[in-house]
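As a plain string of letters, each chain reads:
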There are 2 protein chains.
Amino acid sequence: MVTIAVDAMGGDDAPDALVRGVALVSLDERPLSTILVGDAPELTRRLREVRHNPERIAVHHAPESIAMNEAAGDALRRKPRASVVVCAHLVREGAADAMVTAGHTGAAVLAAARHFRRLPGVRRAALAAVYPTELRRGDKEDPFSLILDVGATLDATAEDLVSFAAMGSSYAQVVSNNPRPRVALLSSGAESTKGPPEIVRAHALLNALPGIHFIGNVEGTGIPRGAADVVVCSGFLGNVVLKMLEGVGETILGLARYAGKERLLWRAGLWALASGLDRVKTLTDWQEYGGAPILGLGHVCIKAHGRSGPRAVANAVKVAAKAAAGGVPAKIAASLAQADTLQNC
Amino acid sequence: MVTIAVDAMGGDDAPDALVRGVALVSLDERPLSTILVGDAPELTRRLREVRHNPERIAVHHAPESIAMNEAAGDALRRKPRASVVVCAHLVREGAADAMVTAGHTGAAVLAAARHFRRLPGVRRAALAAVYPTELRRGDKEDPFSLILDVGATLDATAEDLVSFAAMGSSYAQVVSNNPRPRVALLSSGAESTKGPPEIVRAHALLNALPGIHFIGNVEGTGIPRGAADVVVCSGFLGNVVLKMLEGVGETILGLARYAGKERLLWRAGLWALASGLDRVKTLTDWQEYGGAPILGLGHVCIKAHGRSGPRAVANAVKVAAKAAAGGVPAKIAASLAQADTLQNC
């Protein structure tokens, strides 16, 4: 049975959304246990109020928690027993297989990076984001792609980009049941010579790597279209691109409403479409989906969105369990070992 | 009277759209003359077929032209008398004040960079793009912002970013009648310390520059929202961001149509909204607006979209005339001279 440590004190609706999410998971037919980490008396009291399977939920006390407005480094220094840190400890010690937090992103990345060992060949952990695209795939018409790094690092060397490719490919294989995810580098042109030197070099390295289904460079247009299952870029570029994707959803709605002011027929259309437009907004809010994995470490940490409700928390816990059971870290390590062998030939 | 050299042989509808666009301008009440550059007999014949003011249009022969699929460097080497190059010559020699082309972007940037002098303090010319935002400004409810560089260069030093800020600010002052355009750096966080070293340094330099209304960093979300009138970034980042903006319009429509399949009411709404959605698509197609200026040189070159029809060509010619008459290059030079003085203090 897979066990997931859940930071019960992080997120806009903590601890309520976390307690309810974990309760939902405990009633699921799949065997999966969780450890709720946080203010134990409070968590125990709240658990009593919701239907759950007590055999599948443990409560572990953590006396401190980190607020959204704290600086990550400072907060971790001042609060060594914060719930997110205790989660990382539980995973490192083998009491849990992976962790989930809906709290402070920087603190989650830092706690994972400090307490989990880095995989061989990985210089820095990466944060990956799942985002919706135009292209639908497979029998579930899955419209999602993975983009990484989106914030854990700033610059990225060619070797960093190769390690991100291995991370994203392994994660998509396990979590999206995609045996051969298409991996692409984000650049300013499709040709192998386009982009800054580190991207040109990463392109050559990835072309020589048989374990990764590298389809070449994608341009900005390829991101929303879903030209690749895994889009690889520096943390700086990924951060800008992802935040832009987030902003664009709102903007399109603003423009559509503006258009609606001009013509009665359009206004009627907008009225009929209101809930559809909300759906579009949801689809462009990348933070709604399961959660963003922190990859490149010996264990998986899933960063769920701060606004996660019980169902989103439950999804994040299931994704974490799937990643842990599927051996994502081992797959990444194997892929990078292959890259290392090739480079030394 | 301002005179604009127009590359009649570049663009999807060349020379027809160019001839018709220039004819429209010649009938405008504003005094503005143009030189149509390209296959003179052909241009003269076509001009005869459309209503125009012959006193305001000259035809200048250029025996060669550059196709969209040619490599810019190669093409310029092999075709020294290509229409886009002849336009640049006419401007450099004083026969015209600025130029417009709807042809090959790379060839336009290269022709301008080779034939116009670089302004003092400018290491490389930049290509700027006008794009639509959520925020509307002024009495015309103008929803446009400028982003640069979007492709003429790849990496950018702090000094390059400062020169882009000066270029964008001067252009917005003249062309958008915006006396104090808000200029921002595109980065991964609002704080002055966020982003790669060159952005952190450019932030400090711009803060010290009184001639530019620098409002700090904007994140990706700020691009579609229109958080700034001028967004400054490296050519690589600008290229990715702009192409993504282009792709997102199509994607949102795809998602909206997908939503429409699910519910009858939504489908009815989409039908009523069809032309409104096309408007949204137009608004997200940054290439529709007037044209992208190539800045940082002694003269202005406006790169109109390849798909430009007569009206878009006419707009590009008017924008070029406004930029030339308003002395954009001199304003950029003055702004950079101030930056230089400050740095040497």
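These notes cover the structure that comes with them. These numbers come from a predicted model, not from an experiment.

Rules used throughout
Residue positions are given per chain, counting from 1 as you read along its sequence in written order. In the order they appear in the text, chains get letters beginning with A and ligands get numbers beginning with 1. Where totals are concerned, whole chains, interfaces and linings use all residues; where local detail is concerned, this predicted model gives features only for residues with pLDDT of at least 70, and gives and counts side-chain atom pairs only at 80 or more. Think of the side-chain values as coming from all heavy atoms in the structure, minus any hydrogens and water. Helix numbering and strand numbering both begin at the N terminus, where a helix is a DSSP run of H or I of at least 4 residues and a strand a DSSP run of E of at least 2. Any residue under 20% of the maximum accessible area for its type is buried, any over 50% is exposed, and the rest in between are partly exposed; the area is computed with a 1.4 Å probe on protein chains only. Working rule for contacts: check all heavy atoms of both residues, and any pair within 4.5 Å makes them a contact. Note on areas: Shrake-Rupley, 1.4 Å probe, and residue coverage restricted to the protein chains presented here. We call a set of buried residues a nonpolar core when its members are Ala, Val, Leu, Ile, Met, Phe, Trp, Tyr or Cys and they connect through side-chain atoms within 4.5 Å of each other. We call two strands paired when DSSP finds no fewer than two bridges between them. Note on handedness: a crossover is taken as right-handed if, strands pointing away from the viewer, the path from the first strand over the helix to the second is clockwise. In protein, a polar contact requires one atom able to donate a hydrogen and another able to accept it; more generally it is a pair of N or O atoms within 3.5 Å, and residues adjacent in sequence count only if both atoms are side-chain atoms. Salt bridge, as used here, is a side-chain nitrogen of Lys or Arg placed within 4 Å of a carboxyl oxygen of Asp or Glu. An axis is simply a line fitted to the C-alpha atoms; with a helix, the fit covers only the stretch in contact. Between two such axes, the angle follows the N-to-C directions and lies from 0 to 180 degrees. Note on angle classes: values under 35 degrees are labelled roughly parallel, values over 145 roughly antiparallel, values of 65 to 115 roughly perpendicular, and the remainder oblique. Each crossing is labelled by how the near helix is turned from the far one, with a counterclockwise turn of less than a right angle marking it left-handed and a clockwise turn marking it right-handed.

### Quick notes on the overall build of chain A
Turning to step 1, where the next piece is worked out: For chain A, the helix and strand inventory stands at 12 helices and 11 strands.
Turning to step 2, where the next piece is worked out: Residues counted as buried form 58% of the 345 residues belonging to chain A.
Turning to step 3, where the next piece is worked out: Looking at chain A alone, contacts between residues at least 24 apart form 71% of all its contacts between residues at least 6 apart.
Turning to step 4, where the next piece is worked out: Accessible surface computed for chain A: about 13,700 Å², of which carbon and sulfur atoms make up 52%.

### Remarks on the environment of P181 of chain A
All names here are of chain A.
Turning to step 1, where the next piece is worked out: Turning to its location among the elements, P181 is positioned in the loop between α6 (158–175) and β7 (182–186).
Turning to step 2, where the next piece is worked out: For P181 and N69, which are 112 residues apart along the polypeptide, the C-alpha to C-alpha distance reads 37 Å.
Turning to step 3, where the next piece is worked out: Those residues within four positions of P181 in sequence are excluded, and the remaining contacts are S169, A172, Q173, H213, D229 and V230.

### Description of the nonpolar core
One broad trend across soluble globular proteins is that nonpolar side chains are buried collectively.
Turning to step 1, where the next piece is worked out: Ranked by internal contacts, the top residues of the largest apolar core, which has 225 residues, are I4 of chain A together with I4 of chain B.
Turning to step 2, where the next piece is worked out: Setting aside residues up to four positions removed in sequence, I4 of chain B forms contacts with L32, S33, T34, I35, A96, A98, M99, V100, V317, A320 and A321 of chain B.

### A few points about helix α5 (residues 105–115) of chain A
Turning to step 1, where the next piece is worked out: When we look at burial in α5 of chain A, the residues that qualify are A107, A108, V109, A111, A112 and H115 of chain A.
Turning to step 2, where the next piece is worked out: The elements touched by buried residues of α5 of chain A are α3 (72–78), α4 (83–92), β4 (98–101), β10 (292–295) and β11 (300–303) of chain A.

### Here we look at the pairing of strand β3 (residues 57–61) of chain B
Residues and elements named next belong to chain B.
Turning to step 1, where the next piece is worked out: Pairing of strand β2 (residues 32–38) with β3 involves 5 bridges; the strand directions are parallel. Paired with T34 across the strands is I57, a residue of β3.
Turning to step 2, where the next piece is worked out: With respect to chirality, the unit in which β2 leads through helix α2 (residues 40–49) into the neighbouring parallel β3 is right-handed.

### What about the pairing of strand β8 (residues 213–218) of chain A?
Residues and elements named next belong to chain A.
Turning to step 1, where the next piece is worked out: Judged from the 5 bridges that link them, β7 and β8 form a sheet pairing that is parallel. Looking at β8, one finds that L185 is bridged to N217.
Turning to step 2, where the next piece is worked out: For the segment spanning β7, helix α7 (residues 197–207) and β8, crossover handedness is right-handed.

### Structural notes on the side chain of S187 of chain A
Turning to step 1, where the next piece is worked out: Among the secondary structure elements, S187 of chain A is positioned in the loop between β7 and α7.
Turning to step 2, where the next piece is worked out: Residue classification places S187 of chain A among the buried residues on the basis of a relative accessible area of 0%.
Turning to step 3, where the next piece is worked out: For S187 of chain A, the side chain forms a polar contact with the main-chain oxygen of K194 of chain A, separated by 3.0 Å.
Turning to step 4, where the next piece is worked out: Excluding its chain neighbours within four sequence positions, the residues that come into contact with S187 of chain A are K194, G195, I199, N217, V218, E219 and G220 of chain A together with F236 and V240 of chain B.

### Some remarks on the pattern of salt bridges
Residues and elements named next belong to chain B.
Turning to step 1, where the next piece is worked out: For the coordinates displayed, the defined rule picks out 34 salt bridges over all chains.
Turning to step 2, where the next piece is worked out: Its salt-bridge partner being D28, residue R30 comes within 3.1 Å of it at the nearest N-O pair.
Turning to step 3, where the next piece is worked out: Residue classification places R30 among the partly exposed positions, given a relative accessible area of 47%.
Turning to step 4, where the next piece is worked out: Between D74 and R77 there is a salt bridge, with the nearest N and O atoms lying 2.7 Å from each other.

### Details of unusual backbone geometry
Turning to step 1, where the next piece is worked out: Cis rather than trans, the peptide bond between A14 of chain B and P15 of chain B has omega equal to -5°.
Turning to step 2, where the next piece is worked out: Relative to the helices and strands, P15 of chain B resides in the loop between β1 (2–7) and α1 (16–26).
Turning to step 3, where the next piece is worked out: Here the phi dihedral of N177 of chain A falls at roughly 50°; this positive angle occurs in a residue that is not glycine.
Turning to step 4, where the next piece is worked out: For N177 of chain A, a relative accessible area of 57% gives the class exposed.

### Examining the packing of helix α6 (residues 158–175) of chain B against helix α7 (residues 197–207) of chain B
Residue and element names in this part refer to chain B.
Turning to step 1, where the next piece is worked out: Running from amino to carboxyl end, α6 crosses α7 at an angle of 50°, the nearest separation of the two axes being 8 Å. Comparing their axes, α7 and α6 come out oblique. For the pair α6 and α7, the crossing hand works out as right-handed. Touching A158, E159, L161, V162 and A165 of α6 are E198, I199, R201, A202, L205 and L206, all from α7.

### Remarks on the environment of D16 of chain B
All names here are of chain B.
Turning to step 1, where the next piece is worked out: Examined against the element boundaries, D16 turns out to sit in helix α1.
Turning to step 2, where the next piece is worked out: D16 gets classed as partly exposed once you look at its relative accessible area, which sits at 30%.
Turning to step 3, where the next piece is worked out: Spatially, the C-alpha atom of D16 lies 8.7 Å from that of G309, the residues being 293 residues apart in sequence.

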